[in-house]
Amino acid sequence: MSTKVETDKMEEQPNGMLKVKGRAELPKRRAVTAESMAAKQRDISVSEFFAKNRHLLGFDNPRKALLTAVKEAVDNSLDACEEAAIIPELWVHIEATGPNRFKVGVQDNGPGIVKKQIPLIFGKLLYGSKFHRLRMSRGQQGIGISAAGMYGMLTTGRPVKIVSMTSPKKPAHYFEIQIDTRRNMPEIVNGKGDGEDIPAGEKGRTYITEHGIEWVSHYPVADQQSHDHHGVRSGTRVTIELEGRYQRGRGSVDEYLEQTAIANPHVTIHYVDPDSGEITYSRSTTELPPEPAEIKPHPYGIELGQLVAMLKDTSAPSMAQFLTTSFSRVSSGVAQKVCETAKISTRGNPRKIGRQEADSLYRAIQETKISAPATDCISPIGESLILKGLHHQLPGEFFCAATRPPAVYRGNPFLIEVGLAYGGASSTQKVTLDALTDLLSESDARSLKQFLLTTFDGVGATGADKILSQAKMGTRQSPSKLKKEEIGQLFAAMKNVNLSENQSMQVLRYANRVPLQFQPAACAITQSVIGTNWRAYGLAQSRGQLPVGPITVMVHVASVWVPFTSESKEAVASYPEIMKELRLGLQAVGRKLAVYLNRRKRVRQEGERREIFLRYLGEVAHAVATIKEYGDRPRKDLYGRLVDVAKRKTAVADTQLSGDGKERENAAEEFGENVLIINPEETPGETEPSEPTA
């Protein structure tokens, strides 16, 4: 039922107010002039914008904010160590300081940072050295670590604390920094606005202890792979106190660090969680990745507006020199051909080019055949190190890897690497009773089924139902209200239920060696995995779903500029060129998996067939000997010949595969390169048959 106020019931009062019978007086709308509107206009700094839109950077909920802060600090540390040719050693410490409040500390053994750069790096958004360089690196925009510090300041009011040492013989620098979001500039809180210098040597250690400054001065274990046995010679530590929520399982800091160790087998990470649990992810190699070279932009990757800006800013005296010095893969011959196609003189001044001529030059570049950009700007993990990383961190019986040749999207070189691990226990069988108790108490899931699906990798709806059925529990029971006896029943069910047939594939997504933890559905990697026909490679798969089986796939996208879908760098955009290379890389490891599964299936089938033969050979030999009236000796000889025939007919059952995927007796048959097989399956036909009975 609707009501309306009739116009004759509304009258204007002498003071300019409108009065309606039965209602309060409404003020007239005040007119606004152009001058008054102009007076309200002002600049908006980038930090002020992201302070109000922090969800764009990955700080949209407390749990995700904690992980993002750790991720940004770890990425910066790894980049710094690799640029300085130092084998990385990291210390990650998370400490609970109050309800939903944590102190995150990340320290590296890198080269350190000079004093004047520390406030700008940690206290100013969009400040860094990687944005304008075309070479592979983890960071790109100069936002991450300063945004983490800004989030900590907004939620707890505490400044970011930085300690940096460039040499054991020089003073270390200690800063406490806040961000002035209106000006996007750092404010130094300590040392009267200039920070503090910590003396070198024993005096410095005493100063750190007295002032409560957090700093790891020595390695916990004298590891031969550490770059210094006696202590940290240089490095940087950042400490941020922020509002967050710590929870184990999928999307946790623990999972992120484990996946980081897989893609970076040259790093050692010492991790202390909020419950004071300590774990060390040890490196499996001391070989640093090849240093990527910096390249110039490729002509195919620029747009018209960018070309016009480059023409205005160039110092080249001629158009030919502009093309050869500003772009990669442009020789003097290619430059001359481009100018001829655009009908522009090679000796013309590029700064005096008009809009129409620039448009002609842009079209001529697109029409001219130019070689693909150089790929030494990319540093792939490598197939052998992918196998090491997967085997070092994941259980399994079959591992393989494939690296695609470099390709190009929008003029940017990129490369796809894929690793695969098959077999091993489900994630539900690796958890301890104490860890399960903690996970249940920390979970915000509304039901036990939701808890199993969101906490453990590879547990599909069918697997969750099997576990709950074994535990004799309802799917809608609340995880946080379980009693001690019920937790024990659930734990026993998780250990006893075999999920290998109903376990969904686990997909590990990486971009420039950095794990991507969120927004999997929006990522080109997940879309490519789902779009691949895994049934052709021996796995069960429903339409539009991940395949089923005890299998983990790792996909790495390496590029000078990864096309993320947002500033939070959580998903890779679906460019056609990237989707094509992802599909080909997944098919390459799929074919190797199919060979292994088919071989294993044949071995098992022939072993079962041999068992049937051996089961009745004694009776056959006895019956033939009775008919032919053989003696005891001929009967045994007949039995031996029949056994030899059975073994020859089922010779596949004796197939033994070496670690590199080759047959131990016949190296001609193999899976191809970059295959690792752990503990080949014992076949039923390996045991000797018993003597026939009379």
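Residues numbered from 1 in each chain as written. Predicted model: local features only at pLDDT ≥ 70, side-chain atom pairs only at ≥ 80, totals over all residues. Heavy atoms only, no water.

Undergrad: Teacher, can you tell me more about the overall build of the protein chain here?
TA: Assigned secondary structure in the protein chain consists of 20 helices and 18 strands. A burial count over the protein chain gives 48% of its 694 residues as buried. Across the protein chain, contacts joining residues at least 24 apart in sequence account for 70% of those joining residues at least 6 apart. Accessible surface, the protein chain as shown: approximately 35000 Å² in total, 49% of it carbon and sulfur. (Helix = DSSP H or I, 4+ residues; strand = E, 2+ residues; numbered from the N terminus. Buried < 20%, exposed > 50% of the residue type's maximum accessible area, 1.4 Å probe, protein only. Contact = heavy atoms within 4.5 Å. Areas by Shrake-Rupley, 256 points an atom, 1.4 Å probe, with all protein chains shown as cover.)

Undergrad: Please explain the packing of helix α9 (residues 319-326) against helix α10 (residues 332-342) as it appears in this structure.
TA: In helix packing, the relevant descriptors are the interaxial angle and the interaxial distance, both defined with respect to the helix axes. At a closest axis distance of 9 Å, the pairing of α9 and α10 adopts a crossing angle of 125°. Classed by the angle they form, the pair α9 and α10 counts as oblique. Our pair here, α9 against α10, has a crossing hand that is right-handed. Residues M319, A320, L323 and T324 of α9 pack against S332, A335, V338 and C339 of α10. Of the residues assigned to the contact of α9 with α10, the class counts are six nonpolar, two polar and no charged. (Axes fitted to C-alpha atoms, helices over the stretch in contact; angles between N-to-C directions. Parallel < 35°, antiparallel > 145°, perpendicular 65-115°, else oblique. Left-handed = near helix turned anticlockwise from the far one by under 90°. Nonpolar A, V, L, I, M, F, W, Y, C, P; charged D, E, K, R; others polar.)

Undergrad: Quick question: what am I supposed to make of the pairing of strand β3 (residues 89-98) here?
TA: Remember that side chains alternate between the two faces of the sheet whenever the strand is regular. Across five bridges, the pairing between β3 and strand β10 (residues 268-272) is parallel. Looking at β10, one finds that V92 is bridged to Y271. Relative to strand β4 (residues 101-108), β3 runs antiparallel, the two being bridged by eight bridges. Looking at β4, one finds that V92 is bridged to V106. The turn joining β3 and β4, which pair antiparallel and follow one another in sequence, is formed by two residues; a positive phi near 55° is taken by N100. (Pairing = 2+ DSSP bridges.)

Undergrad: Looking at this structure, I do not really get the environment of R42. What am I missing?
TA: By secondary structure assignment, the location of R42 is in the loop between α1 (34-39) and α2 (46-52). Accessibility expressed as a relative area gives 48% for R42, which makes it partly exposed. The residues contacting R42, other than those within four sequence positions of it, are E48 and R182.

Undergrad: Quick question: what am I supposed to make of the packing of helix α14 (residues 433-442) against helix α15 (residues 448-455) here?
TA: Direction vectors running N to C along α14 and α15 enclose 115°, while the axes themselves pass 11 Å from each other. Relative to α15, the element α14 is oriented roughly perpendicular. The interaxial crossing formed by α14 with α15 has right-handed handedness. Contact with α14, carried on its side by L436, L439 and L440, involves L448, F451 and T455 of α15 and no other residues of that element.

Undergrad: What should I look at first to understand the pattern of salt bridges in this one?
TA: Between side chains of opposite charge, a pair can form as their charged atoms come close. With the rule as written, the count across this model stands at 14 salt bridges. For K64, the salt bridge is made with E570, and the minimal N-O distance between the two is 2.7 Å. Linking K64 in helix α3 (residues 62-83) with E570 in the loop between β17 (551-559) and α19 (576-628), this pair joins segments that are 506 residues apart in sequence. In this structure K64 comes out as buried when scored by relative accessible area, which is 7%. The buried category is assigned to E570, whose relative accessible area is 5%. E89 is the salt-bridge partner of R283, the closest N and O atoms lying 3.4 Å from each other. Taken together, the positions of R283 in the loop between β11 (278-281) and α8 (304-313) and E89 in strand β3 put the pair 194 residues apart, joining distant regions of the chain. Each of the two residues, R283 as well as E89, counts as buried. Look at the salt bridges and you will find they share partners, linking E95, K103, E214 and R237 into a network. (Salt bridge = Lys/Arg side-chain N within 4 Å of Asp/Glu carboxyl O.)

Undergrad: Looking at this model, I keep getting lost on α10. Mind explaining?
TA: Residues three or four positions apart in an α-helix share a direction because the helix packs 3.6 residues into each turn. Buried within α10 we find V334, A335, V338, C339 and A342. The arc that holds the buried residues of α10, viewed along the axis, is 135°, so those residues lie on one side. Within α10, the exposed residues directed more than 90 degrees away from the buried face are S332 and E340. Lining the buried residues of α10 we find α9 and α11 (355-367). (Arc of directions from axis to C-beta.)

Undergrad: Just checking my understanding: could you explain helix α5 (residues 144-156) for this structure?
TA: In this model, α5 (13 residues) spans 18 Å end to end at C-alpha, consistent with the 18 Å of a helix rising 1.5 Å per residue. Among the 13 residues that make up α5, twelve are buried, leaving the element largely enclosed by the rest of the structure. If you check which residues of α5 are buried, you get G144, I145, S146, A147, A148, G149, M150, Y151, G152, M153, T155 and T156. Positive phi appears at G157, one or two residues downstream of α5, with a value of about 75°. (Expected span 1.5 Å × (residues − 1).)

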